[in-house]
Amino acid sequence: MRTVAFPETVDVTPGDAGVISVAITNTTSVIDAYRVQVFGLDPEWVTVSPPKLSLFPGQTERVEIQVRLPEDYPASQRTLAVNVSSDDDPGAFSLNQVALAVQPRTRTSVRLDPVMVTAGRSARFGMVVSNDGNAAVTAHGYAVDPEPLAEFRFDPPAVVVPPGRDQVIEVTVSGGRAWFGQPRARTMTFGVQ
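Residues numbered from 1 in each chain as written. Predicted model: local features only at pLDDT ≥ 70, side-chain atom pairs only at ≥ 80, totals over all residues. Heavy atoms only, no water.

Enquirer: For unusual backbone geometry, give the residues involved together with the corresponding values.
Expert: Between Ser49 and the following residue, Pro50, the backbone shows a cis peptide bond with an omega angle of -5 degrees. Tracing the backbone through its elements, the reader meets Pro50 in the loop between strand E5 (46-49) and strand E6 (52-55). The omega torsion of the bond from Asp113 to Pro114 falls at 0 degrees, within 30 degrees of zero and hence cis. By secondary structure assignment, the location of Pro114 is in the loop between strand E10 (108-113) and strand E11 (122-131). (Helix = DSSP H or I, 4+ residues; strand = E, 2+ residues; numbered from the N terminus.)

In structure tokens, the structure reads:
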């Protein structure tokens, strides 16, 4: 048998699918059936269509391999082995290597702890940055005061958050307070870039 797998590198974003095609040619003088397996990934993430291919001598057909990775699969580069084996001759097989490039998927969220503070001239908040993606992210804190009266200090100004983890940026907000009258509520927006 003769086999060719393409593309040489398949890009896959976790949650989406990537496709590998394998052209199989029967080089024997008899009808033969072939099966395709992918080594290097959980078999539940791989779909081969058709699962079995029968070919006449000299005939060439294609098999499609769909690779669908789970949402939390880490961004990485790895090599897959595509194995084509003969049903009629157990010792006959062909092995092709395909590079798998798992693309980074960034998904971050921010929550404030506490969400409300009663304070005088300054208040402290914790910005909890969560990384729900599959690659590390660098998050820079920012804040907006619609009345431009407050000053913000971030400690640290940026954090590196590994996949599936949380990091905290401590925010100190300072600003003037009215000399007379009732204290009033101020609303600010916090986030990360």
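Enquirer: Please give an account of the side chain of Asn26 that cites residues and values.
Expert: Relative to the assigned elements, Asn26 resides in the loop between strand E3 (17-25) and strand E4 (32-39). For Asn26, the side chain forms a polar contact with the main-chain oxygen of Phe56, separated by 3.5 Å. Once residues within four sequence positions are removed from consideration, Asn26 is found in contact with Ile31, Asp32, Tyr34, Leu55, Phe56, Pro57, Gly58 and Gln59. (Polar contact = N/O pair within 3.5 Å; in protein donor to acceptor, adjacent residues only side chain to side chain. Contact = heavy atoms within 4.5 Å.)

Enquirer: Give a description of the packing of aromatic side chains that names residues and reports values.
Expert: Taken as a whole, this structure holds three aromatic pairs when the rule is applied. Residues Phe125 and Phe190 carry aromatic rings whose centres are separated by 5.3 Å and whose planes lie at 45 degrees to one another, so their mutual orientation is tilted. Residue Phe125 is found in strand E11, and its partner Phe190 is found in strand E16 (residues 189-192); the two are separated by 65 residues along the sequence. Residue class for Phe125 comes out buried when judged on its relative accessible area of 11%. Judged by relative accessible area, Phe190 falls into the buried class, the value being 17%. When the ring of Phe152 is compared with that of Phe190, the centres are 6.0 Å apart and the planes differ by 90 degrees; the resulting orientation is edge-to-face. Remark: Phe190 occurs in strand E16 and Phe152 occurs in strand E13 (residues 151-155); sequence separation between them is 38 residues. Classification of Phe152 as partly exposed rests on a relative accessible area of 23%. (Phe/Tyr/Trp six-rings, centres within 6.5 Å; stacked < 30°, edge-to-face > 60°. Buried < 20%, exposed > 50% of the residue type's maximum accessible area, 1.4 Å probe, protein only.)

Enquirer: Talk me through a nonpolar patch on the surface; I want residue IDs and the actual numbers.
Expert: Judged by side-chain polarity, Phe39, Phe93 and Leu95 come together as a nonpolar surface patch covering roughly 320 Å² of accessible area. Its location among the elements puts Phe93 in strand E9 (residues 93-102). (Patch = residues over 30% accessible without salt bridge, like charges linked within 9 Å, V, L, I, M, F, W, Y side chains within 5 Å. Areas by Shrake-Rupley, 256 points an atom, 1.4 Å probe, with all protein chains shown as cover. Salt bridge = Lys/Arg side-chain N within 4 Å of Asp/Glu carboxyl O.)

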